Amino acid sequence: MRNLNKSIVVAALGLATAWAAQAADLKIGLVLPMTGPFAAYGKQIQNGIKLYLAQNGDTIAGRKVQIILKDDAPGTAGDVSKRLAQELVIQDNVDILAGFGLTPSAFAVAPIANEAKKPMVVMNAATSAVTTKSNYIVRTSMTLPQITAPVATWAAKNKIKKVFTVVADYGPGHDAEGQFKKTFSAAGGEIVGEVRVPVKNPDFAPYLQKVKDTKPDAVFLFVPAGEMGIAFMKGFQERGLAQAGIKLIATGDLTDEDVIDSIGEPAIGVINSFHYAQAHKSAENQAFTAAYIKAYPNDRPNFMAVGGYDGMRLIAETLKKTGGNADAEKFVEAAKGLKWMSPRGPVSIDPVTRDIIQNVYIRRVEKVGNQLQNVEFDQVNDVRDPGKP
Ligand code: PHB
């Protein structure tokens, strides 16, 4: 009897160990625009995540990854993103919230991450203040002040004295405008005009006429990647601003590889600053772009694809450190200071802001072979977000 009891206990213990070893799936709730005007954001970010998992396996620290995707189209309506994040937390019981194509979506979901105590990995939304809205946010994309300051410095050093700024009228546009003015003025440049353009269906014609009449040396532009940039470039062409001797400088959102072919030849010569280019020369990027094009032959890898790829990498590396524990406090502590070699160059997570520290490159659009590319010709290393107090 004694022996029988003992063997039952041993068997039960064995069962318990086997049970524990079979850890629960790791559920990642992805909030991304998959349809509507910003559908390309969702597609590129999802492509990046899928590629990382295909290359590295979909089990992290013993937990099988399960992605639950919610389409928050149009991506600019905070209430939609918020409702979907609530569903992910309450109904799907996700461990981590991730994605976020646009700033309004990230702003709206930050309080959910706070209340539910879930790590929130931002893979694109780039207004500086996003990471201040919850201590559980870590970001793998960029901030607008971070990528704007270098092109403002470049302009001041390259005989551009008077600039007219044109930005989309919401968070990232306000950030870009503010940082451009600050850096460019401090370097001796003059802002001769500024306009903020609505994100929905903008008609650039009246703004461009005003720019032309003001005769600046250059226009500085930030618009979210996609249709707005295409519309701006069309107007810039039609109104003959280049012929009037007005240069165009921008953040790399304008000439992102996903839209540059739609802009076409008018993009050639545009100077812009950014953290990622398909044409970035490194062994890591060569491997990344080759694998990406093989997996998604109809897409060109862009900064959002890298934001998703690195975001998934951050989740994997962080969970390896915590032994698979996705508790928000533990996750964020483990993510702080993480360093890796991204397709964009060396990156790390700033332990103070939870934003990404990275090189920012100055590029010129050129035709390389038969493709338009952002060709890097200068860089500023290890740039932190200058937008934080
Ligand atoms: C944003 O909404 O934060 C955003 C969207 C697209 C960009 C950059 C920033 O290209």
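Because the structure is a prediction, the values reported are computed rather than measured. (Residues numbered from 1 in each chain as written. Predicted model: local features only at pLDDT ≥ 70, side-chain atom pairs only at ≥ 80, totals over all residues. Heavy atoms only, no water.)

Some words on the overall build of the chain
Move 1: For the chain, the helix and strand inventory stands at 12 helices and 15 strands.
Move 2: Seen through its C-alpha atoms, the chain measures out along the principal axes to roughly 100 × 40 × 35 Å.
Move 3: Expressed as a percentage of the 389 residues in the chain, the buried residues total 55%.
Move 4: Partitioning the contacts of the chain with sequence separation of at least 6, the portion at a separation of at least 24 is 68%.
Move 5: A total accessible area of about 16,300 Å² is found for the chain, and carbon and sulfur atoms account for 53% of it.
Move 6: If you average the places of the 44 positive and of the 39 negative side-chain charges in the chain, the two averages end up 3 Å apart. (Helix = DSSP H or I, 4+ residues; strand = E, 2+ residues; numbered from the N terminus. Buried < 20%, exposed > 50% of the residue type's maximum accessible area, 1.4 Å probe, protein only. Contact = heavy atoms within 4.5 Å. Areas by Shrake-Rupley, 256 points an atom, 1.4 Å probe, with all protein chains shown as cover. Lys, Arg positive; Asp, Glu negative; His and termini not counted. Charge placed at Lys NZ, Arg CZ, Asp CG, Glu CD.)

As for the domain arrangement of the chain
Move 1: Domain boundaries in the chain define domain 1 (8-142 + 282-354) and domain 2 (145-274 + 361-383).
Move 2: Centre-to-centre separation of domain 1 and domain 2, based on C-alpha positions: 30 Å.
Move 3: Taken residue by residue, the interface counts 19 residues in domain 1 and 21 residues in domain 2.
Move 4: Contact with domain 2 buries area across many residues of domain 1, yet Met 142, Arg 300 and Phe 303 alone supply 43% of it, more than any other trio.
Move 5: Taken together, the connections running from domain 1 to domain 2 amount to one salt bridge.
Move 6: Here Arg 300 ties to Asp 261 by a salt bridge, and the two come within 3.1 Å at their closest N and O atoms.
Move 7: Counting the contacts that link domain 1 with domain 2 gives eight residue pairs in polar contact (both at pLDDT 80 or more).
Move 8: Looking at the side of domain 1 that touches domain 2, the elements with two or more residues in it are α2 (39-56), α4 (103-116) and α11 (303-322).
Move 9: Grouping the amino acids of the side of domain 1 that touches domain 2 by side-chain chemistry returns 10 nonpolar, six polar and three charged. (Domains from an automatic or database assignment. Buried area = accessible area lost by both parts, 1.4 Å probe. Salt bridge = Lys/Arg side-chain N within 4 Å of Asp/Glu carboxyl O. Polar contact = N/O pair within 3.5 Å; in protein donor to acceptor, adjacent residues only side chain to side chain. Nonpolar A, V, L, I, M, F, W, Y, C, P; charged D, E, K, R; others polar.)

Digging into the packing of α11 against helix α12 (residues 328-335)
Move 1: It is the contact of α11 with α12, at a shortest axis distance of 9 Å, that shows an interaxial angle of 110°. It follows from the interaxial angle that α11 and α12 lie roughly perpendicular. Residues Leu 314, Ile 315, Thr 318, Leu 319, Lys 321 and Thr 322 of α11 form the contact with α12, whose participating residues are Lys 330, Phe 331, Ala 334 and Ala 335.
Move 2: Tallied by class, residues from the contact of α11 with α12 come to six nonpolar, two polar and two charged. (Axes fitted to C-alpha atoms, helices over the stretch in contact; angles between N-to-C directions. Parallel < 35°, antiparallel > 145°, perpendicular 65-115°, else oblique.)

A look at the environment of Lys 50
Move 1: Tracing the backbone shows Lys 50 in helix α2.
Move 2: For Lys 50, a relative accessible area of 44% gives the class partly exposed.
Move 3: The sequence separation of Lys 50 and Tyr 292 amounts to 242 residues, and the corresponding C-alpha distance is 10.0 Å.

Remarks on the pattern of salt bridges
Move 1: A complete count under the given rule lists 19 salt bridges for this structure.
Move 2: The residue Asp 355 makes a salt bridge to Arg 139 at a minimum N-O spacing of 2.6 Å. Of the two residues, Asp 355 is situated in the loop between β13 (345-349) and β14 (356-368) and Arg 139 in strand β6 (residues 137-139); the sequence distance between them amounts to 216 residues.
Move 3: Exposure remark for Asp 355: the relative accessible area of 1% places this residue in the buried category.
Move 4: A salt bridge links Glu 366 to Arg 364; the nearest nitrogen and oxygen atoms lie 3.8 Å apart.
Move 5: Judged by its relative accessible area of 29%, Glu 366 is partly exposed.
Move 6: Given the relative accessible area of 31%, Arg 364 is considered partly exposed.

Topic: the packing of aromatic side chains
Move 1: Summed over all chains, the structure comprises 12 aromatic pairs.
Move 2: A cation over an aromatic ring shows up here: Lys 133 above the ring of Phe 107, its NZ or CZ 5.5 Å from the ring centre.
Move 3: Over the ring of Phe 377 we find Arg 364; its NZ or CZ atom is 4.5 Å from the centre of that ring. (Phe/Tyr/Trp six-rings, centres within 6.5 Å; stacked < 30°, edge-to-face > 60°. Lys NZ or Arg CZ within 6 Å of the ring centre and 35° of its normal.)

A look at empty space enclosed by the protein
One simple way to see leftover space: roll a probe sized like a water molecule over the atoms.
Move 1: Enumeration according to the criterion identifies one cavity of 30 Å³ or more in this entry.
Move 2: There is about 100 Å³ of room inside the largest cavity.
Move 3: Looking at the lining of the largest cavity residue by residue, the classes come out as 13 nonpolar, three polar and one charged. (1 Å grid on protein atoms, 1.4 Å probe; cavity = no way out; pocket = protein on both sides within 12 Å on 5 of 7 lines; lining within 4 Å. Points joined across faces, edges and corners; volume = space filled by probe spheres on them.)

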